[in-house]
Amino acid sequence: MAAIILDGKKEANKLLESIKKRAKALEEKPGLALVLAGNNPASEIYVNFKEKTCKEAGFYCERYNFPENVSQNELLKVVDELNQKREIHGILVQLPLPKQMDESLVVDSILPNKDVDGFTPVNLGNLVNDNNMMEPATARACIALIESTGIKIEGKNAVVVGRSNIVGKPVALLLLQRNATVTMCHSKTKNLLEHTKNADILVVAAGKPNLITKAMVKEGAVVIDVGINRLGKKIIGDVDFENVKDVAGFITPVPGGVGPMTIAMLLDNLLMAMKLGRR
Ligand code: GUN
């Protein structure tokens, strides 16, 4: 039987409506700062989407663009100013940063209360301690899409392919918190198929087009594809969607799956940042 396609855009719009409603009840307008350094074309597209969605929600948005050769001190200075700015509740520094930067130093300079990506050591450490403060938006998007299927996560075999700090590690922690049995696979995993074939829930964030084929997926599995790969003019995920959809129970498309949901989650984190800021 063909899989049910998980419509990330529809889920994202539902969440955005609820975000806008909650924001209306606040005394202040939510304010997001987006910092983009360099000219990575993919980063530019992502930041454009984030800015557009933020503005469409009626929120305040500041955007800072820096050239590829911006100095680390310049970025640290802008983050420091944004940390102190009252009308800014959330700061997002788009990654990757140009190679002359110490990425973790720049990310760590964001106040944890304003870290809407959930990437600072305080926020990631809280996640490890089951004391979640700000959860990384892409990981939250994956969980929301899994939960939208109505399938219970507890007790399921969940396999995460990819161990990035941005997606793989946080999504594995969120699945673990929901009592899934979590296996993490990565580029050095031997016999990837042996693991993926056993997955009731399969989250793929490896950045490799068509890494996951039909033979690697268990019948009826929930397949969440976080990959965004450019193939000529086309954007494709890490999962061979056309064939895997014949065996999976649920599958996210690329584009139109995790991507839009991630941006909605970012704005949800912005409201969380406003709450944390008032404590
Ligand atoms: N680069 C790829 N994904 C992300 C993300 O979610 N946040 C930031 N800041 N950079 C990214």
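In this text the structure is predicted, and so the values were computed from the model without any measurement.

Visitor: What's the story with the overall build of the protein in this structure? I'm lost.
Guide: Of regular secondary structure, the protein possesses 10 helices and 11 strands. Principal-axis analysis of the C-alpha atoms gives the protein an extent of 50 × 40 × 40 Å. Relative to all contacts within the protein whose residues are 6 or more apart in sequence, the contacts with residues 24 or more apart total 69%. Total accessible area computed for the protein in this model is approximately 13,500 Å², and 53% of it derives from carbon and sulfur atoms. Mean positive and mean negative side-chain charge positions of the protein (36 and 32 charges, respectively) differ by 3 Å.

Visitor: Just to check I follow, could you spell out the sheet that holds strand β5 (residues 157–161) for this structure?
Guide: Two orientations exist for strands paired in a sheet by backbone hydrogen bonds: parallel and antiparallel. What the six strands build is an open sheet, ordered β1-β11-β8-β7-β5-β6; its pairing is parallel. Strands with a single pairing partner mark the edges of an open sheet, and in this sheet they are β1 (4–5) and β6 (181–185). Each of β7 (201–204) and β8 (222–225) is contacted by helix α6 (residues 137–147), which is oriented at about 150° to β8, the strand it contacts most.

Visitor: Looking at this model, I keep getting lost on helix α1 (residues 8–24). Mind explaining?
Guide: Every α-helix winds through 3.6 residues per turn, so residues three or four apart in the chain are directed the same way. Counted at 1.5 Å a residue, the expected span for α1 with its 17 residues is 24 Å, and the 24 Å between its end C-alpha atoms agrees. If you check the start of α1, you find a side-chain oxygen 3.1 Å away from the backbone N of K9, and it comes from D7.

Visitor: Looking at this model, I keep getting lost on the pairing of β7. Mind explaining?
Guide: Each regular strand displays side chains that alternate between the two surfaces of the sheet. Here β7 shows no split at all, with I201 and V203 on one side and L202 and V204 on the other all buried. Sheet topology places β5 next to β7; four bridges connect them, and they run parallel. Residue pairing for β7: V161 is matched across the bridge by V204. With four bridges connecting them, β7 and β8 associate as parallel partners. Paired with V204 across the strands is D225, a residue of β8.

Visitor: Explain the pairing of β8 to me, please; I cannot follow it from the model alone.
Guide: Residues V222 and I224 line one face of β8 and the alternating positions V223 and D225 line the opposite face, and both faces are buried. In the sheet, β8 pairs with strand β11 (residues 250–251) via two bridges, with the strands oriented parallel. Directly across from V222, in β11, lies its bridge partner F250.

Visitor: What is the right way to look at the nonpolar core in this model?
Guide: Nonpolar side chains in soluble globular proteins tend to end up buried together. If you look at the biggest cluster of nonpolar residues, it comprises 54 residues, and the most contacted ones within it are F59, L175, V203, I224 and L267. Sorting elements by how many residues they give to this core places helix α10 (residues 258–278) first, with 11 residues. Of all hydrophobic cores here, the second largest spans 19 residues; its members include V35, V70, V78 and L97.

Visitor: What should I look at first to understand the packing of α6 against helix α7 (residues 168–177) in this one?
Guide: Packed helices, taken two at a time, are described by their axes: the angle between them and the distance between them. At a minimum axis distance of 8 Å, the contact between α6 and α7 shows a crossing angle of 45°. The orientation of α6 relative to α7 falls into the category oblique. In terms of crossing hand, the pair formed by α6 and α7 is right-handed. Touching A139, R140, C142, I143 and I146 of α6 are P170, V171, L174 and L175, all from α7. The residue inventory of the contact of α6 with α7, partitioned by class, reads eight nonpolar, no polar and one charged.

Visitor: Please explain the sheet that holds strand β2 (residues 31–37) as it appears in this structure.
Guide: Read from one edge of the open sheet, three strands run β3-β2-β4, paired in parallel fashion. The open sheet terminates on both sides in strands that have one partner only, identified here as β3 (60–66) and β4 (90–93). Strand-to-strand twist in this sheet, taken as the mean axis angle between neighbours without regard to direction, amounts to 15°. Bridge count for β2 against β3 is seven bridges, and the pairing is parallel. Along β3, the bridge assignment pairs L34 with R63. Relative to β3, helix α2 (residues 41–56) is tilted by about 160°, and along the sheet it contacts β2, β3 and β4. Strands in contact with helix α3 (residues 72–84) are β2, β3 and β4; relative to β3, the strand with the most contacts, it is inclined by about 170°.

Thresholds applied
- Residues numbered from 1 in each chain as written.
- Predicted model: local features only at pLDDT ≥ 70, side-chain atom pairs only at ≥ 80, totals over all residues.
- Heavy atoms only, no water.
- Helix = DSSP H or I, 4+ residues; strand = E, 2+ residues; numbered from the N terminus.
- Contact = heavy atoms within 4.5 Å.
- Areas by Shrake-Rupley, 256 points an atom, 1.4 Å probe, with all protein chains shown as cover.
- Lys, Arg positive; Asp, Glu negative; His and termini not counted.
- Charge placed at Lys NZ, Arg CZ, Asp CG, Glu CD.
- Pairing = 2+ DSSP bridges.
- Axes fitted to C-alpha atoms, helices over the stretch in contact; angles between N-to-C directions.
- Expected span 1.5 Å × (residues − 1).
- Polar contact = N/O pair within 3.5 Å; in protein donor to acceptor, adjacent residues only side chain to side chain.
- Buried < 20%, exposed > 50% of the residue type's maximum accessible area, 1.4 Å probe, protein only.
- Core = buried A, V, L, I, M, F, W, Y, C linked by side-chain atoms within 4.5 Å.
- Parallel < 35°, antiparallel > 145°, perpendicular 65-115°, else oblique.
- Left-handed = near helix turned anticlockwise from the far one by under 90°.
- Nonpolar A, V, L, I, M, F, W, Y, C, P; charged D, E, K, R; others polar.

So far we have only geometry, and geometry alone does not tell us how the molecule works.
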